[in-house]
Every structure is written in C-alpha cells, then in structure tokens.
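Now for the letters of each chain:
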Amino acid sequence: MYRIMVVDDEYYIRDGLCNVVDWASIGAQVVGEAASGVEALAKVPLVQPDVVITDIRMEDMDGLEFAEAVRDAYPDTRIIFLSGYDNFAYAQKAVELKAYGYILKPGDPEKVLSIVRDALTEIEGERERVNRLTYLEGRESEGLEARRARLLGRVLSSVYSDGEALEEECAKLEIQTHAMHYCVAVLQPDRFYDLELPEDSRHLYALLAQNRSCAERILHSWELHYYESRPCGLVVLLGTAQPNIHAAYCALKEELYQLQARLHAEPGGTYTVGLSDPVEQLAQVGQARQQAEEYLEYKIVLGPGRIITAENLPVPARYIYPKAAEEKILSGIKARDKAVVRAGADAFANELMQRNYGKTQIKAALAELYAVVNRHFNPAEIDLYQIFGKKWMDPHYVVESYNSIEELRNWLRTLLCEVVNILRSHGQVNSKKVVLQVQEFIRANYANAELSLSMIAEHIFLNPTYLSRLYKKETGSNYVEYLTQYRMQEAKRLLSDSTLRINDVSAMVGYSNPQYFCTLFKKCFHVSPMEYREKSASI
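The following refers to the structure shown.

Rules used in this analysis
Residues numbered from 1 in each chain as written. Predicted model: local features only at pLDDT ≥ 70, side-chain atom pairs only at ≥ 80, totals over all residues. Heavy atoms only, no water. Pairing = 2+ DSSP bridges. Helix = DSSP H or I, 4+ residues; strand = E, 2+ residues; numbered from the N terminus. Axes fitted to C-alpha atoms, helices over the stretch in contact; angles between N-to-C directions. Contact = heavy atoms within 4.5 Å. Buried < 20%, exposed > 50% of the residue type's maximum accessible area, 1.4 Å probe, protein only. Salt bridge = Lys/Arg side-chain N within 4 Å of Asp/Glu carboxyl O. Phe/Tyr/Trp six-rings, centres within 6.5 Å; stacked < 30°, edge-to-face > 60°. Lys NZ or Arg CZ within 6 Å of the ring centre and 35° of its normal. Left-handed = near helix turned anticlockwise from the far one by under 90°. Parallel < 35°, antiparallel > 145°, perpendicular 65-115°, else oblique. Nonpolar A, V, L, I, M, F, W, Y, C, P; charged D, E, K, R; others polar. Core = buried A, V, L, I, M, F, W, Y, C linked by side-chain atoms within 4.5 Å.

Some points on the sheet that holds strand 1 (residues 2–7)
Strands sit in the order 2-1-3-4-5 across an open sheet of five strands; the sheet is parallel. Either end of the sheet is taken by a strand with one partner, and the two such strands are strand 2 (28–34) and strand 5 (101–104). Strand after strand, the sheet turns through a mean of 20° between neighbouring axes, direction not considered. The sheet contacts of helix 1 (residues 11–19) involve strand 1, strand 2, strand 3 (51–55) and strand 4 (78–83), and relative to strand 2 the element is tilted by about 160°.

In structure tokens form, the structure reads like this:
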C-alpha cells in the first residue's frame with residue numbers, strides 16, 4: 001500500500017485526515033503523523049512516506065521549511081500543503097517547492113482523496129517507467145538478502161489475500177515456509193514521544209541505534225527474523241520450524257523479560273512490548289503486526305516496561321464518556337474550588353482506568369473534556385489553546401507523552417487547577433461582559449417558564465451563587481428584577497393585540513400562572529392587564 005504522512009499542529013485536523021478519510025479506497029494507509037515540522041522531519045526517515053500532507057503555519061518549523069528539507073532529502077516524495085489561509089504568497093511558495101497540491105482547511109475528505117489519488121497515479125507512472133528501463137536490471141543484480149528483506153517488509157505492512165502467490169514468491173527467494181510459525185513483537189521505547197528533549201532528531205536516531213541492539217539480542221534462536229523501525233517503535237518478525245510452538249513462544253517471552261531487566265539499567269530506558277499470538281501462515285503476519293500494535297494501546301493501563309500479550313491484555317468495557325466526573329470538574333471550575341477540581345480529575349482518571357480503556361478511547365475522552373471546558377471559557381474570552389500551547393491541548397500528544405493513568409491523572413489535576421487560577425485572575429476584569437451576557441440570555445429565553453439562575457449560570461459557565469453576587473455588585477440589583485421588567489415590557493407589547501387572551505399573554509412571557517402574572521403586572525404599572533389594554537385601545 002502507498003504510505004501517507006500527516007503533519008498538522010491542530011489535533012482535530014490531523015485526527016480527521018488520519019481517521020475520517022477512506023485511505024484504503026485508494027490503496028493507501030497513514031504510516032505516520034506529527035504535530036510540528038521538527039517532529040515530522042525526524043520521523044520521515046522512519047516511515048518513508050510516498051505522500052506528505054502538511055500544514056503550512058506551525059511553530060518551531062513551518063510547513064514550507066519542512067517541505068523544502070523533505071524535497072532535498074527525498075525528491076520522489078509528493079508534498080501536499082494544507083492551510084487555513086487562501087494566501088497567494090503561500091501558493092506561490094508552494095509552486096516554487098514543486099508541491100503537488102494546495103488544500104484549504106478543514107479539507108473536504110473527497111477533495112483530499114482526489115488530490116492524493118492523482119499524486120499516487122503520478123508516482124505509479126514514474127515507477128513503471130523506471131521499471132521498464134533499469135529497475136528489473138537492478139533487481140537481477142541485487143543481493144538475495146536485500147530482496148528477502150524487501151519482501152518481509154511488505155509482508156509486515158500488508159494483509160495478503162493470496163497466500164499461494166506469496167508462498168511461490170518465498171520459494172523463489174529461498175525463504176522456508178513449510179511447517180513454520182510466526183509471531184510479531186513491537187518494542188516501543190517508553191519515552192519515545194518525549195519531544196521536550198533537546199535535539200529531537202539526534203534523540204530519535206539514538207533510539208534507532210538502541211532498537212537495532214535490542215533486536216539482535218532476541219533474534220538468534222529463530223530461523224527467520226526481520227526487523228525495521230517504524231513510528232510505533234521497533235517491529236520484529238520472527239519465524240520458527242520448531243514443532244513445539246508453545247515452548248518456543250514461552251522462551252521468546254522469557255528472553256524479552258530478560259531484555260527488559262537489562263534495559264532498566266541502560267541510558268535509553270525501558271521498552272514496552274506488544275507480542276502477537278503465533279500464526280501459521282506468512283500471509284497472516286500483517287494481521288499479527290496489527291495485533292501487537294493494538295496491544296500497545298493498553299500500555300497506559302498496565303504501565304510501562306511490560307510484555308503485553310493476549311494473556312494479560314485487559315478487557316475494555318464499552319466506551320462511555322465519564323459525564324459525572326466531567327460535571328464535578330465543571331462544578332469545581334465554576335466555584336473556583338481546586339479541591340473539587342482535583343476530586344473531579346481523580347474521578348475522571350479512575351473511570352478511564354476501571355473501564356480498561358486503551359489509548360484511542362482515552363484520547364476521545366480527553367478531546368471531549370477539552371472541548372467542554374474550552375467552550376465554557378468563551379464568555380470570558382480566554383483561549384486555553386493559546387495559554388497552554390497546542391501540544392498540551394492535543395489529546396494525541398498528551399496520551400503518548402505519559403506511560404500510565406497515574407501520570408495522566410497528575411497532569412490532568414495540574415492542568416485543571418491552573419484553569420482555576422486563570423479564572424480567578426480574570427474573574428473581575430470581565431464582570432461587565434458577564435452582565436451583558438446574562439441580560440442577552442434573558443432576552444432570548446424570557447418566554448421559558450423554567451428560566452432560572454441555575455440555567456443562566458450553566459450557559460455562561462459560572463457557579464450560580466458566584467454569578468448572583470457578581471451581577472448584583474455590578475448592577476445594584478438582582479437578575480430577577482431585570483427578568484421581570486423585561487417580561488412586563490413584552491407583556492405590554494403583546495396586550496396591544498386584542499386577539500390574544502390575558503392567559504395567552506401570561507404564557508407567552510413565561511408565566512404559567514395567569515393570576516400571578518396579573519399581580520406582577522399591576523405592581524409594575526399600577527393597572528391590571530385588562531385595564532391597560534382598554535386604556536391603550538382608547539388612545
């Protein structure tokens with residue numbers, strides 16, 4: 001399959017391109033993603049994409065600078081720019097860099113597919129031309145080991161439907177497949193995503209060197225072995241003709257445990273390993289690799305430095321967003337109460353852990369929590385993404401940066417308590433705006449008989465008691481007085497329509513009890529609604 005890489009500092013754009021676009025329909029798959037040009041440049045040698053879709057405006061290294069570096073090192077890679085700005089200067093620079101396409105955000109999935117499909121067609125055409133002239137000649141002179149490695153790399157990347165054709169290809173390359181069993185181990189450095197370290201590229205290449213060292217320690221007892229570095233870590237394919245596959249599999253796990261023990265004392269730190277079940281056909285190796293990578297989803301539940309197999313894999317419950325914990329967090333933020341916020345963060349993390357969620361579900365839960373909290377900050381004109389930085393408001397980056405729910409819990413408590421600090425420092429500054437928002441909400445909802453202080457406070461993300469004090473301090477009266485006055489003015493307007501009964505007018509301005517409405521009206525204007533109508537009609 002063709003290899004796609006997505007680079008964008010906005011999680012939701014990146015996640016949409018990776019998971020919403022139907023890449024399989026054009027014979028492609030996303031093999032890597034990055035939140036910055038620096039991170040992407042370090043990963044390109046690992047994933048070797050055919051097409052890179054990159055944002056233009058990013059921190060550290062922008063998309064144009066990143067694309068220029070990729071173009072210099074990998075001239076055959078197609079670059080497609082993604083931007084939220086229809087800017088001629090960007091488009092002109094894209095042309096200079098010989099970019100294949102330029103897409104405006106958010107990027108319609110069908111348009112993205114169309115442009116990438118065209119790019120892949122061009123790539124395929126070039127490869128066919130090369131094949132006709134020099135590629136076959138190069139294959140003939142290429143070493144047997146190199147051809148074997150290329151085939152095994154394809155086997156790891158794909159799910160083969162034609163097992164017989166694969167067996168024939170293996171026979172030509174003298175790869176034994178008779179009576180063989182295979183399994184795949186994915187070794188992920190536990191600090192692989194620690195991109196706060198200086199000189200990220202050197203750090204990643206140091207990890208690759210350690211990867212190779214680790215691979216060589218576990219390959220010696222298996223007849224067939226192949227390994228390569230990928231964004232998820234080190235992927236190792238092992239095959240054996242030993243008749244007792246159970247014994248061989250147990251011996252492999254023991255070797256991995258011993259390797260883990262040695263790595264604890266080395267500078268690079270530990271690995272977490274996802275180890276697939278054994279499979280009988282080489283064509284099933286791609287599925288085994290997917291299984292091993294899926295096991296790594298649960299590192300955050302089980303903790304780092306483990307060997308994760310089907311035996312110790314937690315069984316996740318059906319995904320349910322921790323709504324009760326969210327409400328506790330919001331309650332604490334509204335009341336500016338850090339103790340309540342911390343309790344809410346603990347409840348949120350505990351529910352994720354108790355339900356055995358993997359990384360995908362945890363990212364989804366965090367994305368929803370971020371959206372709720374940030375949305376309620378809008379009335380105060382506070383942008384959490386700007387304050388904390390896009391990285392730490394990116395669920396993918398956050399989840400990949402921590403190795404356990406406990407680490408994630410501590411981070412969430414710190415972040416939410418800082419949110420409280422921000423609100424405390426901004427609370428008085430925007431009191432006039434809050435009053436205007438209260439009055440605007442009342443004008444839009446005065447006809448609702450259930451309208452209450454709690455409903456208003458919920459809308460503008462404030463504790464009801466706090467809102468009541470703030471409103472009275474700023475206006476000298478409470479919200480009920482404003483609500484009543486507005487309802488009465490609307491009632492006067494409606495009473496001019498003689499087709500409406502008094503009971504109708506009462507309901508239309510939010511009073512389900514007509515008698516109570518009449519009492520309030522007379523208190524405000526010293527005449528009953530009927531008397532007001534009669535006087536208005538005689539004028």
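Examining the pairing of strand 4
Of all six residues that make up strand 4, six are buried, and the element is covered over most of its length. Neither face of strand 4 is left uncovered, since the one carrying Arg78, Ile80 and Leu82 and the one carrying Ile79, Phe81 and Ser83 both have all their residues buried. Relative to strand 4, strand 3 runs parallel, the two sharing five bridges. Paired with valine 51 across the bridge in strand 4 is arginine 78. Where strand 4 and strand 5 come together, four bridges link them in parallel fashion. Bridge pairing in strand 5 places isoleucine 80 opposite glycine 101.

Some details on the pattern of salt bridges
Overall, the coordinates contain 14 salt bridges when judged by the stated rule. For the salt bridge of aspartate 346 with arginine 409, the shortest nitrogen-to-oxygen distance reads 3.9 Å. Residue aspartate 346 is located in helix 13 (residues 338–354), and its partner arginine 409 is located in helix 17 (residues 405–426); the two are separated by 63 residues in the primary sequence. Under the relative-accessibility criterion, arginine 409 is labelled buried at 9%. Salt-bridge contacts for arginine 413 lead to aspartate 346; the nearest nitrogen and oxygen are separated by 3.4 Å. Here arginine 413 is found in helix 17, whereas its partner aspartate 346 is found in helix 13, with 67 residues between them in sequence. Taking relative accessible area as the criterion, arginine 413 reaches 26% and is therefore assigned partly exposed. Because the salt bridges share partners, they merge into one network encompassing Asp346, Glu406, Arg409 and Arg413.

Structural notes on the packing of aromatic side chains
Taken as a whole and assessed by the stated rule, the structure comprises eleven aromatic pairs. Between tyrosine 319 and tyrosine 357, the aromatic rings sit 5.4 Å apart at their centres with planes inclined by 45°, giving tilted as the arrangement. On the criterion of sequence distance, the pair formed by tyrosine 319 in the loop between strand 10 (307–308) and helix 12 (323–334) and tyrosine 357 in the loop between helix 13 and helix 14 (359–377) is long-range, its members being 38 residues apart. Given the relative accessible area of 0%, tyrosine 357 is considered buried. Here the aromatic rings of tyrosine 511 and tyrosine 516 are separated by 5.9 Å at their centres, their planes lie at 70°, and the arrangement is edge-to-face. For tyrosine 516, a relative accessible area of 46% translates into the label partly exposed. Members of the aromatic cluster, connected to one another through ring pairs, are Tyr511, Tyr516, Phe517, Phe521, Phe525 and Tyr532. A cation over a ring is seen here: arginine 487 above tyrosine 511, with NZ or CZ 4.9 Å from the ring centre.

With respect to the packing of helix 18 (residues 431–445) against helix 21 (residues 479–495)
Running from amino to carboxyl end, helix 18 crosses helix 21 at an angle of 40°, the nearest separation of the two axes being 10 Å. In this structure, helix 18 meets helix 21 at a crossing whose hand is right-handed. Residue-level contacts link Gln439, Ile442 and Arg443 of helix 18 to Tyr479, Tyr482, Leu483 and Tyr486 of helix 21.

Comments concerning the packing of helix 2 (residues 37–47) against helix 3 (residues 63–73)
The angle between the axes and the distance between the axes are what describe a pair of packed helices. Axis separation between helix 2 and helix 3 bottoms out at 9 Å; the angle between their running directions is 15°. Comparing their axes, helix 3 and helix 2 come out roughly parallel. Once helix 2 is placed against helix 3, the crossing between them reads as right-handed. Residue-level inspection shows Gly37, Ala40, Leu41 and Val44 of helix 2 in contact with helix 3, the latter providing Phe66, Ala69 and Val70. For the contact of helix 2 with helix 3, the residue count by class is six nonpolar, one polar and no charged.

Remarks on the nonpolar core
Ranked by size, the top nonpolar core spans 34 residues in total, and within it Ile333, Phe348, Ile362, Leu366, Leu408, Trp411 and Leu412 carry the most contacts. Put simply, the parts of the chain that give this core at least two residues each are helix 11 (299–302), helix 12, helix 13, helix 14, helix 16 (395–401) and helix 17. With ten residues, helix 17 is the single largest residue contributor to this core. Residues Tyr446, Ile456, Leu470 and Phe521 belong to the second largest nonpolar core, which totals 30 residues.

Quick notes on the side chain of lysine 359
Structurally, the position occupied by lysine 359 is in helix 14. By relative accessible area, lysine 359 is classed as buried at 4%. Excluding its chain neighbours within four sequence positions, the residues that come into contact with lysine 359 are Gln188, Leu296, Glu297, Lys299, Ile300, Val399 and Glu400.

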